[in-house]
Amino acid sequence: MVLYLLLMLFLPILTLFATGFSLPPDRFWSIATSNLAWATYGITISLALGSAVCNGVFGTLVAWVLVRYDFPGKKLIDASIDIPFALPTAVAGVVLTTVYSENGILGRLFAPGSPLGSLWGEEGLRLAFARPGVFIAMTFVSLPFVIRTVQPVLEDMEKEVEEAAWCLGASPATTFWYVIFPPLIPSILTGVALAFSRAVGEFGSVVIIAANLPFDDMVSSVLIFQRLEQFDYPGATVIGIMMLFLSVALLFVINLLQNWSSKSG
Amino acid sequence: MEQELGISVKNVSKRFGDFVAVDRVNLEIKAGGLAALLGPSGSGKSTLLRLIAGLELPDEGQILLTGKDSTYEQVQDRNIGFVFQHYALFKHMTVRENIGFGLRIRRVPHKQIKARVDDLLELVQLRGLGDRYPHQLSGGQRQRVALARALAVEPKILLLDEPFSALDAQVRKDLRQWLRRLHEEVHVTTVFVTHDQEEAMEIADHIVVMNKGKIEQEGTPAQIYDHPATPFVMQFIGPVNVMHRQKEQVFIRPQDVVVTLSPPTEPGTFTDRARVKRIINLGWEVQVELSLDDGQSLMAHLSREQFADLALTVGQVVYTTSKDERSFPLDYVI
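The structure displayed is predicted, hence computed values, not measured ones. Residue numbering note: each chain is counted from 1, following its sequence as written. Chains carry letters from A onward and ligands carry numbers from 1 onward, assigned in written order. Residues qualify for local features only when their pLDDT is at least 70, as the model is predicted, and side-chain atom pairs are given and counted only at 80 or more; totals for whole chains, interfaces and linings, by contrast, use all residues. Working from all heavy atoms in the structure, the side-chain values ignore hydrogens and water.

Visitor: Looking at this structure, I do not really get the pattern of salt bridges. What am I missing?
Guide: Two side chains carrying opposite charge are able to pair once their charged atoms lie near each other. All names here are of chain A. What makes a salt bridge here is a side-chain nitrogen of Lys or Arg within 4 Å of a carboxyl oxygen of Asp or Glu, nothing more. Counting across every chain of the model gives 27 salt bridges over all chains. The shortest N-O distance in the salt bridge between Arg-148 and Asp-78 comes to 2.9 Å. One end of the pair, Arg-148, is in helix 9 (residues 143-156); the other, Asp-78, is in helix 4 (residues 74-80), with 70 residues separating them in the sequence. For Arg-148, a relative accessible area of 26% translates into the label partly exposed. Runs of E in the DSSP output that reach at least two residues are strands. Runs of H or I that reach at least four are helices, and both are numbered from the N terminus. For the exposure calls, accessible area comes from a 1.4 Å probe over protein chains only, and a residue counts as buried if that area is under 20% of its type's maximum, exposed if over 50%, partly exposed in between.

Encoded structure:
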């Protein structure tokens, strides 16, 4: 077990650190805090956070419907939730780009001159090859997390607990906010955090759907890839380390959440 | 003269698909009473309770709570307390928050809630455990929290659905007596569902025996036990021997079997010769299994003194009569 973790997890991470920190500190710092690097951190984190929150809201809703309602095709929908995990992310990128580009089924609705697009001015709303596309790709690849963390908790919830609240005079809305929702919070937050870290690290689909313009829609993972293409291994490593810190910080938050949920569960 | 009204169920039916769970039931429960709905699983007792609570809506009939037609009234407006078999506590809330929930959503001021919760914790003997979470409590304690939570909103009617069946035998016994005492203090009209006849006899002052969605018989525990109306009630309430004699089914309680060493002298009494097959000494009573000459077996429950006087041994030949028995025609379908 230890060997497995050593080989699969710790060794690669240690190598990353070793390569990164072999640079002189001032050089490390200048790469890590360059204007472009900062811009990608900002774009990556804000879009990933947005998509994680979006998945938090809608994932909870989907989990609710899947657990509480019976309808034809439910099994099929339940099974297809995991598609974003199974699909190669590059394929996801291509498919999403097709759908959301100016000529795509959905992209067309927001194209210049279209009724919906006009709401955003003459240029319309550009989905693919811009930030919204990155947001959509991130949301797509991290979609299953919240659903899959919330579903089991909802399934374990006894109907009787709700009935008890009704008998005490609670309306369905009150019952939801006071009785059903609070026990879901830890699992929703865990799902959101997982989705967030997945979105931060996403490369395959994002690189395809984005225009990858620096300071516009370029995310950190794409910047790393560009550095590698230019044989700038130290540069790639430094940005990689910065992203790693971000992930560790997130894992720490997830751990706190799990502690909290196990205490009140 | 206004008489206080309890629960009145009029010609109520409830179907689930093709299954008739409750079949045209009529029932009156007097205010302040403590009634038991007793029956095997699937007899419709829980459904009837849920209909009274408003957790199910009847397909036909009428339900009056304290004189008011509540057939289609929302659960929330019925002012009932309901206690579930598996407690149904809010796991993310402390004991205090659970008990105070009904008051909190009614926007009762915090001070009043605290005072009321303190009183209730005292009542259910859980003082000092108010800040625990449900998972830190034993089953018996959880059920008392559930009861306190139900009582917090001062319901007109308290309904309990198999409240003790998930608990250990000893805890169950304690809680039964405790519930009886509690009812004497609180005096709220109470209906509880059970499949355990002993529990019903011990707690309730009115027993409603249900079978297949219908009421078989209702009355005081003594009426039900001493004058069972149907073979079903006879068999369901307490142990009973079922004997076949000619075209009749004869029901004899084991404690009504009289065992003698010689044939009784009074003429006209029905006597059977039997052989002692097995003796089970429980300490407070002795159960003797007898094998009649015609092959049927008969259980007799003897007191220690009776057993000592007879000095029975396995294989011994004895004579049996009965102090009391009830017979129903053989074709009576249960």
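Visitor: For this particular structure, what's the right way to read the nonpolar core?
Guide: The nonpolar side chains of soluble globular proteins are, as a tendency, buried together. Counting residues in each nonpolar core, the largest one holds 52 residues, and the members touching the most others are Val134(A), Met138(A), Val150(A), Leu154(A), Leu184(A), Val206(A) and Val219(A). Here this core gets ten residues from one element, more than from any other, and that element is helix 3 (residues 35-68) of chain A. The contact criterion used throughout is that any non-hydrogen atoms of two residues lie within 4.5 Å. Discounting chain neighbours no more than four positions away, the residues touching Leu154(A) are Ala63(A), Trp64(A), Val67(A), Ile180(A) and Leu184(A). As used in this record, nonpolar core signifies buried Ala, Val, Leu, Ile, Met, Phe, Trp, Tyr and Cys residues forming a set joined through side-chain atoms within 4.5 Å. Residues Ala36(B), Leu121(B), Leu179(B) and Phe236(B) belong to the second largest nonpolar core, which totals 44 residues.

Visitor: What is the right way to read unusual backbone geometry from this model?
Guide: Among all residues except glycine, the phi angle is most often negative; among peptide bonds, the trans geometry is most common. Residue and element names in this part refer to chain B. Residue Arg-24 is not a glycine yet carries a positive backbone phi of 45 degrees. Examined against the element boundaries, Arg-24 turns out to sit in strand 2 (residues 19-29). With relative accessibility at 47%, the residue Arg-24 sits in the partly exposed group.

Visitor: Is there a simple way to explain the interface of chain A and chain B in this structure?
Guide: The extent of an interface is frequently quoted as the accessible surface area lost upon association of the parts. Facing 21 residues of chain A, the contacting portion of chain B comprises 23 residues. Of the roughly 2,000 Å² buried between chain A and chain B, counting both surfaces, carbon and sulfur atoms make up 64%. The interface formed by chain A and chain B contains two salt bridges. Between Arg50(B) and Glu163(A) there is a salt bridge, and its shortest N-O distance comes to 2.7 Å. At the level of secondary structure, the elements contributing two or more residues to the side of chain A that touches chain B comprise helix 10 (159-167), helix 11 (172-201) and helix 14 (233-264) of chain A. Ranked by the residues each element gives to the side of chain A that touches chain B, the list is headed by helix 10 of chain A, at seven residues. Here the side of chain A that touches chain B is built from residues that sort into twelve nonpolar, five polar and four charged. Summed over both partners, the accessible area lost on bringing two parts together, with a 1.4 Å probe, is the buried area. Under the grouping applied here, Gly and all other residues not named as nonpolar or charged are polar, the nonpolar ones being Ala, Val, Leu, Ile, Met, Phe, Trp, Tyr, Cys and Pro and the charged ones Asp, Glu, Lys and Arg.

In short, geometric facts, not functional conclusions.
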